[in-house]
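Next come the chains, spelled out residue by residue.
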Amino acid sequence: MRASFSRKIRERVDSFGASIASRFRTATGSAVALPAQFEPLEQRTLLSTYYVSNSGNDSNSGSSPSSAWATVGRANSQSLQPGDSLLFQGGNTFNGQLTIGSNDSGSSAAPVTVGTFGSGRAKLTVNAGRGIYVLNSQYVNIQNLVIVGLDPQSSSSYGIKIENNLNNATRTNIHVDNVDVSGFNQYGIYVFVDSAGSWLNNISITNSSVHNNTLMGIDTNGAGQYSLQNLYIGHCDVYGNAGNDNSATAADGGGILICSVDGGTVEYCTCHDNGANGSGSGGLGSAASTNVVLQYNEVYSNHTAGPRDGDGMGFDINTVNSIIQYNYVHDNDGSGIQLDNWLDNGAESNNTIRYNLIVNNGLKHNYAGLQIWGHVINSAIYDNVVYVNEGASMGIKIHNPSVPPLCVDNVQFLNNIIITTGGRSAVTVSPTALAGAAGLVFAGNDYFAATGALSISYGNSSFSSLSGWQAATKQETSNGKSVGLGVNPLLVNPGSDPTFGDATKITTLSAYRLQSSSPLIGKGVSVPSLGLPAATTDFFHRAVHSTLDIGADQQYGTGSASPEGNPAPWSNVDIGTVGKAGNTSASGSTYTVTGSGADIYGTADAFQYDYQTLNGDGQIIAEVNSLSAATAWSKAGVMIRDGNGAGAKDVSMLVSANGKAEFERRWSTNGTTGTTDVAATTPEWVKLVRTGNTFTSYLSKDGKTWTQVGTTVVTMNSTVEIGLAVTSHVAGALATATFSNVSVVT
């Protein structure tokens with residue numbers, strides 16, 4: 001039985017390993033063993049961990065690996081309380097639906113965790129229904145599990161279903177991490193709100209593989225407008241979700257589709273080889289959502305067996321105020337990237353597609369690299385590269401299958417490179433789409449026919465030269481002067497379309513960078529903001545300047561750079577007495593942080609801190625690429641801090657120059673610091689997760705497979721600072737660290 005109690009003093013025990021001793025250092029850096037430290041506690045509740053093992057017995061207490069339960073059914077009968085963990089033995093297989101209901105919720109300070117203990121990941125299988133069903137619960141972490149459907153023909157099977165079917169209620173903070181989900185007829189992972197007036201908030205799916213399901217890999221939806229708020233999907237591999245209906249009215253066989261979302265990000269995902277037996281879906285997209293960002297993804301080899309779709313990426317009906325940027329989209333049956341609104345409601349608006357590489361798409365059904373279908377308004381498509389080989393259809397297509405009301409309004413194509421081969425069309429605008437169009441603008445684009453003749457189809461007219469199109473339509477002109485080009489862009493190696501299978505590597509694709517002699521340097525036109533955040537970097541993480549190049553590479557741009565020295569919302573400051581001023585600068589997604597100071601340790605810190613504000617729960621991930629150290633104790637990593645005073649409460653995950661990583665925490669203002677050391681060397685990925693007042697630290701070598709280092713409870717304000725920290729460990733000397741793949745998720 002769980003007991004509540006109040007104590008003035010307790011012995012602090014670290015969460016890492018079987019036992020821990022607090023460790024302190026002298027000023028010279030040598031280790032000194034001290035007794036375990038003590039601190040006062042508020043009213044607390046004892047937490048329970050329950051174990052399930054094939055060697056267990058349901059009549060056991062479940063309170064230890066040696067007294068584990070045996071079945072999912074027994075686990076379902078246990079009501080979980082805030083802070084509890086339910087762990088299945090790694091390498092074992094368990095059959096039956098696991099249900100996490102409203103009586104199994106955690107709290108902001110103490111989430112419920114469902115995961116694995118021991119070596120490897122546990123496997124949960126189900127014959128029909130759901131592998132894991134999270135119903136009306138909140139503050140739940142699901143991690144380190146394999147979930148398999150044994151009957152892919154079962155019409156109601158889902159791998160993980162997260163659902164809120166309450167009326168006028170919000171459920172929040174459900175996080176899925178490092179799971180493998182396959183073999184389900186419906187969705188691998190499905191997030192759903194049943195009624196308008198209810199919401200799911202702060203949902204994340206990370207570091208997971210979702211594959212070989214039928215209808216869709218990952219899908220979200222809701223009965224009300226924007227029923228899901230603050231959705232994050234990152235570092236997932238979603239593939240082989242094939243579909244089973246190739247009829248004209250079907251919509252199955254896709255990778256990731258997020259619907260009914262306000263505030264969603266999908267990044268660093270690979271979405272590929274979906275839709276082989278279906279029709280009406282694609283690799284990655286959004287519908288009926290707002291404030292969505294799809295970025296840094298590799299989307300490729302998605303298919304359709306029906307008469308339509310198989311697209312790489314896109315925004316479908318009623319998506320507004322959203323951005324598709326920094327993606328590599330290649331070799332898809334359907335369009336590379338599409339804006340699509342088949343309703344005459346004006347609700348597909350204020351969207352931007354920019355700085356993407358779009359290569360060899362439109363392999364079926366006469367689709368295009370960049371495509372607009374229907375009534376799309378107030379949107380900008382700029383600084384992309386579209387390459388069309390002889391197996392693909394065309395560069396840009398605007399159409400509405402003879403539905404006159406469904407036409408574009410104030411849509412601009414700017415500074416794109418369109419390269420065609422074999423006489424393929426660079427631009428096609430159907431007669432009915434053009435007849436009703438208003439404010440359709442092409443300006444600052446380069447159209448190059450690498451082989452064959454240039455072809456532009458515009459309404460009922462066809463053109464074989466840029467100048468002929470300009471003269472007849474005034475497109476690619478401004479104030480009577482030409483702003484378009486029809487020249488060889490002199491890219492490094494256009495036509496190359498390698499498959500990375502790792503979205504963190506796509507920016508290394510140098511084939512679509514400009515050569516130093518390119519005629520496109522400095523020829524770009526200005527681009528509209530549409531009220532959306534301006535791009536500060538190009539596809540290759542280079543700063544965007546006021547004088548633009550054409551295409552996805554801005555390395556030769558001139559004039560003032562976008563605010564990229566330390567881009568908003570980041571700020572940097574020296575904490576404590578450092579002896580020598582530190583600094584932070586950014587180039588694309590690479591941050592260089594230089595710091596001095598005696599240490600991050602003891603009762604007061606001294607270091608350079610590059611941070612932003614975090615309100616409530618969240619996490620930070622960064623790869624520490626290098627550390628140029630002043631001493632063996634120089635450190636660099638991520639931190640969450642309760643204010644910028646030298647003695648502020650904080651939690652950090654740091655990599656030292658001495659071959660160690662340190663999980664550090666100061667539980668009280670001006671109090672001592674506890675540390676857990678593990679072996680680590682740069683490059684090393686580090687992660688900190690805050691859930692209420694619980695902080696958990698992780699390390700990884702590849703940003704996909706994470707090892708938990710430790711967890712602790714530190715009472716902090718709701719609003720804290722989260723960011724990157726560097727200390728030299730010598731006041732007056734400097735250490736410099738470079739960070740990449742930095743992301744803050746709120």
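Residues numbered from 1 in each chain as written. Predicted model: local features only at pLDDT ≥ 70, side-chain atom pairs only at ≥ 80, totals over all residues. Heavy atoms only, no water.

Student: Hey, could you run me through the overall build of the chain in this one?
Tutor: Along the chain, the regular secondary structure elements total three helices and 63 strands. For the chain, whose C-alpha radius of gyration is 27 Å, the value lies close to the compact-globule estimate of 27 Å for 746 residues. If you line up the chain on its principal axes, its C-alpha atoms span 85 × 65 × 40 Å. The 746 residues of the chain split such that 61% are buried. Within the chain, counting contacts between residues at least 6 apart in sequence, those at least 24 apart form 76% of the total. (Helix = DSSP H or I, 4+ residues; strand = E, 2+ residues; numbered from the N terminus. Rg over C-alpha atoms; globule rule 2.2 N^0.38 Å. Buried < 20%, exposed > 50% of the residue type's maximum accessible area, 1.4 Å probe, protein only. Contact = heavy atoms within 4.5 Å.)

Student: Please clarify how the sheet that holds strand E60 (residues 694-700) should be interpreted in this entry.
Tutor: Sheet strands line up and pair through hydrogen bonds in the backbone, either parallel or antiparallel. Strand order in the open sheet formed by seven strands is E51-E52-E63-E54-E59-E60-E61, and the pairing between neighbours is antiparallel. Both outer strands of the open sheet, strand E51 (583-587) and strand E61 (707-713), are each paired with one neighbouring strand and no more. Averaged over all pairs of adjacent strands, the angle between their axes in this sheet comes to 25 degrees, without regard to strand direction. Where E60 lies against E61, six bridges are found, and the strand directions are antiparallel. By the bridge assignment for E61, Leu-699 is matched with Thr-707. (Pairing = 2+ DSSP bridges. Axes fitted to C-alpha atoms, helices over the stretch in contact; angles between N-to-C directions.)

Student: Looking at this structure, I do not really get the confidence of the model for the chain. What am I missing?
Tutor: Parts of the prediction with low pLDDT should not have their coordinates interpreted in detail. Of all residues in the chain, 91% attain a pLDDT of 70 or more, and the chain-wide mean is 88. In the predicted structure, residues 1-45 sits below a pLDDT of 50 and forms 80 contacts with residues beyond four places in sequence or in another chain. (pLDDT = per-residue confidence, 0-100.)

Student: Would you take a moment to explain unusual backbone geometry for this structure?
Tutor: For residues besides glycine, phi is generally negative; the peptide bonds are generally trans as well. Put simply, Thr-682 and Pro-683 share a cis peptide bond, and its omega is 0 degrees. Mapped onto the elements of the fold, Pro-683 is located in the loop between strand E58 (673-679) and strand E59 (684-691). The backbone of Asn-741 shows a phi angle near 50 degrees, a positive value even though the residue is not glycine. Note that Asn-741 resides in strand E63 (residues 735-745). Accessibility expressed as a relative area gives 12% for Asn-741, which makes it buried.

Student: What should I look at first to understand the environment of Ser-301 in this one?
Tutor: Structurally, Ser-301 can be placed in the loop between strand E28 (298-300) and strand E29 (311-315). The spacing of Ser-301 and His-330 is 29 residues in sequence and 7.0 Å in space, taken between C-alpha atoms. The residues touching Ser-301, leaving out its near neighbours within four places in the chain, are His-272, Asp-273, Asn-274, His-330, Asp-331 and Asn-332.

Student: Any chance you could explain the packing of aromatic side chains here in plain terms?
Tutor: Each aromatic ring pair is specified by the distance between its two centres and by the angle formed by the two planes. A complete count under the given rule lists 21 aromatic pairs for this structure. On the numbers, 4.3 Å between centres and 20 degrees between planes, the contact of Tyr-187 with Tyr-190 is stacked. The class of Tyr-187 is buried, set by a relative accessible area of 13%. Members of the aromatic cluster, each reached through a chain of ring pairs, are Tyr-268, Tyr-296, Tyr-326, Tyr-355 and Tyr-382. The ring of Trp-69 has Arg-74 sitting right over it, with the charged end atom 4.1 Å from the ring centre. Across from the ring centre of Tyr-133, 4.2 Å away, lies the NZ or CZ of Arg-130, which sits over that ring. (Phe/Tyr/Trp six-rings, centres within 6.5 Å; stacked < 30°, edge-to-face > 60°. Lys NZ or Arg CZ within 6 Å of the ring centre and 35° of its normal.)

Student: Would you take a moment to explain the pairing of E29 for this structure?
Tutor: Within a regular beta strand, the side chains point alternately toward one face of the sheet and then the other, so they alternate between its two faces. In terms of burial, E29 is largely enclosed, as five of its five residues are buried. Here strand E26 (residues 282-287) runs beside E29; their pairing, made up of four bridges, is parallel. Counterpart to Ser-286 in the pairing with E29 is Phe-315. Two strands pair when backbone bridges link them, and E29 and strand E32 (residues 337-341) are joined in this way by three bridges, in the parallel orientation. Paired with Phe-315 across the strands is Leu-339, a residue of E32.

Student: Please clarify how the side chain of Asp-340 should be interpreted in this entry.
Tutor: Take Asp-340: it is sitting in strand E32. Using a relative accessible area of 10% as the deciding quantity, one classes Asp-340 as buried. Contact partners of Asp-340, with chain neighbours within four places excluded, come to Phe-315, Asp-316, Ile-317, Glu-348, Trp-373 and Val-376.

Student: Even after reading the chapter, I still don't get the sheet that holds strand E53 (residues 607-615), so can you show me in this structure?
Tutor: As summarised here, the arrangement of the seven strands in space is E50-E53-E62-E55-E56-E57-E58, forming an open sheet in which the pairing is antiparallel. Across the chains shown, the open sheet's two edge strands, defined by having one partner strand only, are strand E50 (571-575) and E58. Direction aside, the axes of adjacent strands within the sheet are offset by 20 degrees on average.

Student: It is not clear to me how the pattern of salt bridges should be interpreted in this structure. Could you clarify?
Tutor: Enumeration over the complete set of coordinates arrives at 13 salt bridges. Notably, a salt bridge pairs Asp-599 with Lys-635, separated by 2.9 Å at the nearest N-O pair. With Asp-599 in the loop between strand E52 (590-595) and E53 and Lys-635 in strand E55 (residues 635-641), this pair connects stretches of sequence that are 36 residues apart. Each member of the pair, Asp-599 as well as Lys-635, carries the same accessibility label: buried. For the salt bridge of Arg-666 with Asp-650, the shortest nitrogen-to-oxygen distance reads 3.5 Å. Taken as a pair, Arg-666 in strand E57 (residues 660-666) and Asp-650 in strand E56 (residues 650-656) lie far apart in primary sequence, 16 residues in all. On the basis of relative accessibility, which here comes to 0%, the residue Arg-666 falls in the buried class. By relative accessible area, which is 2% here, Asp-650 ends up buried. Here the residues in one salt-bridge network are Asp-599, Lys-635, Glu-662 and Glu-664, joined through shared partners. (Salt bridge = Lys/Arg side-chain N within 4 Å of Asp/Glu carboxyl O.)

Student: Any chance you could explain helix H3 (residues 466-473) here in plain terms?
Tutor: An α-helix turns once every 3.6 residues. As a result, residues three or four positions apart point the same way. Those residues of H3 that sit buried are Leu-466, Trp-469 and Gln-470. Viewed along the axis of H3, the buried residues span an arc of 100 degrees, placing them on a single side of the element. Opposite the packed face of H3, turned more than 90 degrees from it, sit the exposed residues Ala-471 and Ala-472. Where H3 is buried, its residues meet strand E42 (438-443), strand E43 (446-449), strand E44 (456-458), strand E45 (461-463), strand E46 (477-478) and strand E47 (481-482). Positive backbone phi, approximately 70 degrees, marks Lys-474, located one or two places after H3. (Arc of directions from axis to C-beta.)

Student: Whenever I open this one, the environment of Ala-630 confuses me. Can you help?
Tutor: Along the chain, Ala-630 turns up in the loop between strand E54 (618-628) and E55. For Ala-630, the contacting residues outside a window of four places in its chain are Ser-728, Ala-733, Leu-734 and Ala-735.

Student: What exactly am I supposed to notice about the pairing of E59 here?
Tutor: Burial runs high along E59: eight of the eight residues are buried. Neither face of E59 is left uncovered, since the one carrying Glu-684, Val-686, Leu-688 and Arg-690 and the one carrying Trp-685, Lys-687, Val-689 and Thr-691 both have all their residues buried. Where E54 meets E59, seven bridges bridge the pair, whose relative direction is antiparallel. In the sheet register, Ile-621 faces E59, and the bridge partner there is Lys-687. Inspection of the sheet shows E59 paired to E60 by seven bridges, in the antiparallel sense. Within the sheet, the bridge partner assigned to Trp-685 lies in E60 and is Ser-700.

Student: Got a minute to help me understand the state of the cysteines in this structure?
Tutor: Joining two cysteines, a disulfide is a covalent bond between their sulfur atoms. Inspection of the entire model under this criterion finds zero disulfides. Left unpaired, Cys-236 is separated from the closest cysteine sulfur, that of Cys-269, by 4.6 Å. (Disulfide = S-S within 2.5 Å.)

Student: Help me understand the side chain of Gln-325 in this model?
Tutor: For Gln-325, the location among the structural elements is in strand E30 (residues 323-325). One polar contact links Gln-325 to Gln-295, side chain to side chain, over a distance of 2.8 Å. Not counting residues within four places of it along the chain, the set of residues in contact with Gln-325 comprises Val-293, Leu-294, Gln-295, Tyr-296, Arg-354, Tyr-355 and Asn-356. (Polar contact = N/O pair within 3.5 Å; in protein donor to acceptor, adjacent residues only side chain to side chain.)

Student: Can you help me understand the environment of Gly-149 in this one?
Tutor: The topology assignment puts Gly-149 in strand E14 (residues 140-149). Expressed as a C-alpha distance, the spacing of Gly-149 and Val-181, which sit 32 residues apart in the sequence, is 8.2 Å. Beyond its immediate chain neighbours, meaning those up to four positions away, Gly-149 contacts Val-126, Ser-182, Gly-183 and Phe-184.

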